[in-house]
Amino acid sequence: MTRMLALALAGAMLAGCGHKDENAPLAFVPADTPYVSANLKPMEADARHALLVQVDAQLPAQLAQLNDAADRLAARDPEAANLLHALAASFQDDTVEGFARNAGIDLGGRFAFYGLGLSPVARFELSDPKAFDAFVARLETAYGRKFDQAEIGGQAYRKAAAGDDGVELVVATVRKQGVLALLPADPAPGLLRQALGLDRPARSLQDSGALADLAKAKGYQPWWIGEIDLQRLLPLAASGKDPLFTALFQAGARRESAKTGEPLAHLTQIPPSCPADAARIAARVPRLSFGYTRLDAGHQDGRFDVALASDIAQAFAGLKAEVPGLGAEADAPFELSLAVPMDAARRFWQAQVDAVAAKPFACPALADLNQGFASLGETLQKAAIPPFGDLVGLHLALDDFAAAPGRAIPRLKGLLVIASRNPAGLFGMAQMGLPGLAQARVPANGQPAALPASLTQALGEPAWAAMNGKALAVAVGAGEDARLAAALVAPAGDAGRLLRMHLDGGMYVAWVNAMVQKIESLPAPAASSPDAPGAGQLNALKARFAALQRQAGRVRDIRAEAHMDGDGLTITNQTTLK
């Protein structure tokens, strides 16, 4: 008996541990949704603060752009312009927290943005449902037209038709969650009920645990994860059976028919070849995913993954691009190493061109894609010609960068390494294109040779070139010649590595300051000019770069890396803050 009681107690405890919140936003997301962006749990307070500081720094520029867009829209669509101005005004004190408080949205809550088929639905937790309803009411007032009030299954909602596009925006407060959905006009009751959450999916993303599994596999933190399943999305759009796609497609066909007189029945036909061609494309790039990997007061790291067909991944996963510097630790304020293996890339893309030529896409909507591959084939033949066909990659390192008043070119100090299968041929081509370089002699032993002053005068700095059997390098600025020999033999990196970048905060600030100086030198648009809105655009541009200055001042350094493995392409970035 004691043993049975112990087992029963253990079972009850396990059941309790496995309980899932039936009102979590993910509980409403179908397991087969074609796209989703959501959190598995609310963001921790310090991580949320770190993210909001960055977003708030950029917000004034974004609001300036929003108001400028509204001003430019006013003559054509005054109601929409008023709506944009009202939305901008909702960001009290120019902070996201002010907006959330004003709109009753819980920044510490859970959310999900997903597709019911292709129809986008946003579901998010509210801190104050009444404040959210009041926020929607203020938008209605600004819009100058009340949204229609409706009800289904005892659940009230608002809806607003989007012109003649055949779709409508649905807004509702469901328990303590806000719901926004873009649906076909007069949607089928089943679709509407599922968007509002009155009906649940047969199997939800919370039930399947697929998003949690993705986070574990990729190292994404639970605060924000996204996935786009192209093997579901593209065939769904191409089939013509998705309600939202059908509504938009038919609305476009009606406009085209009214303009050209072409029969509507002809314009709305979707050949059976289109879903098959869409599936063929999606099989090459099955899915995309992204998420934060670290987020706190001092770090903002993220990862973006592109799943690829095995033949694509394998073509580059084992490729080691012999680019000096691609595998080295950065020691300059800015460094960028990029693999450009033209020979391997040309062979890969030629295989794709041949595959499309052998079996063209039959869907009429993809006719341009067939032509694009045919044109690519011609380009690939030209790309085989030296020096481009011999290119392997690039490595750029900048030690100094500053705006130079009165000069078109900023002051630079650094070096550029061009990896090539034929560095001597590359230098010979440069001599043919630059007469001033004709008399220069650069030995193939890695030792620097000074370049003629006639070529470097515009830079205002001395320059040198050096070469070995794998690369040609050029250095600009006093003392940079001492770095050339080591740069030519720097580590090339592992197989599959495609990119490495490093930018420190000081260089970031220098770049932004140089751009701000350029913008400040632009003449103000004349008030009498027919392009009077240009003044608003200039102010928005200034606000954007002022925000960039604030953001750059907080950055210690930024690093990024891209590599190919057996699953596809992975791009990572790490931002360290002061």
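Our subject in this report is the structure included herewith. Nothing here was measured: the structure is a model prediction, and the numbers come from that model. Along every chain, residues carry numbers that run from 1 in the direction the sequence is written. For a predicted model such as this one, the threshold for reporting local features is a pLDDT of at least 70, and the threshold for listing and counting side-chain atom pairs is 80 or more; totals across whole chains, interfaces and linings nevertheless cover every residue. Excluded from the side-chain calculation are hydrogens and water; included are all heavy atoms of the structure.

Things to note about the pairing of strand E13 (residues 411-420)
Here is step 1 of the chain: Between any two strands, at least two bridges found by DSSP are needed for them to pair. Under the scheme used here, helices are H or I runs from DSSP no shorter than 4 residues and strands are E runs no shorter than 2 residues, and both carry numbers assigned from the N terminus. The pairing of strand E12 (residues 391-402) with E13 spans 10 bridges and is antiparallel. Residue pairing for E13: Leu 398 is matched across the bridge by Gly 414.
Here is step 2 of the chain: Inspection of the sheet shows E13 paired to strand E16 (residues 471-476) by 6 bridges, in the antiparallel sense. The residue bridging Leu 415 from the neighbouring strand is Ala 475, located in E16.

Remarks on the state of the cysteines
Here is step 1 of the chain: Note on terminology: pairs of cysteine sulfur atoms within 2.5 Å are recorded as disulfides. Per the stated rule, a full pass over the model turns up 1 disulfide.
Here is step 2 of the chain: Covalent S-S linkage joins Cys 274 and Cys 363, the inter-sulfur distance amounting to 2.0 Å. Judged by the torsion about the S-S bond (80°), the Cys 274/Cys 363 disulfide is right-handed. With Cys 274 in helix H12 (residues 273-284) and Cys 363 in the loop between helix H14 (342-358) and helix H15 (367-383), this pair connects stretches of sequence that are 89 residues apart. Residue Cys 274 shares its accessibility class with Cys 363, and that shared class is buried. Buried means the residue's accessible area, taken with a 1.4 Å probe over protein chains only, is under 20% of the maximum for its type, while exposed means over 50%, and partly exposed covers the values in between.

A closer look at the packing of helix H13 (residues 310-317) against H14
Here is step 1 of the chain: Note on geometry: axes are C-alpha line fits, over the in-contact stretch for helices, and angles between N-to-C directions span 0 to 180 degrees. Packing of H13 against H14 leaves a shortest axis separation of 11 Å and a crossing angle of 165°. With respect to H14, the element H13 is oriented roughly antiparallel. Here H13 and H14 pass one another in a crossing that is right-handed. The segment H13 lies against H14, with Asp 311, Ile 312, Ala 315 and Phe 316 engaging Ala 345, Phe 348 and Gln 352. Should an angle lie under 35 degrees it is considered roughly parallel, over 145 roughly antiparallel, and from 65 to 115 roughly perpendicular; all remaining angles are considered oblique. Crossing handedness follows the turn of the near helix against the far one: under a right angle anticlockwise gives a left-handed crossing, and clockwise gives a right-handed one. Contacts are assigned to residue pairs with any non-hydrogen atoms lying within 4.5 Å of each other.

Some thoughts on the pattern of salt bridges
Here is step 1 of the chain: Put simply, a salt bridge is a Lys or Arg side-chain nitrogen that is within 4 Å of an Asp or Glu carboxyl oxygen. Applying the stated criterion across every chain yields a total of 25 salt bridges.
Here is step 2 of the chain: Residue Lys 218 is joined to Asp 305 by a salt bridge in which the shortest nitrogen-to-oxygen separation is 4.0 Å. Of this pair, Lys 218 sits in helix H8 (residues 210-218) while Asp 305 sits in strand E10 (residues 299-307); the two residues are 87 residues apart in sequence, bridging distant segments of the chain.
Here is step 3 of the chain: When the shortest N-O distance is used, the salt bridge between Arg 559 and Asp 557 registers 4.0 Å.
Here is step 4 of the chain: By relative accessible area, which is 31% here, Arg 559 ends up partly exposed.
Here is step 5 of the chain: According to the relative accessible area criterion, Asp 557 is buried, its value standing at 15%.
Here is step 6 of the chain: Through salt bridges with shared partners, one network takes in Asp 331, Asp 399, Glu 480 and Arg 483.

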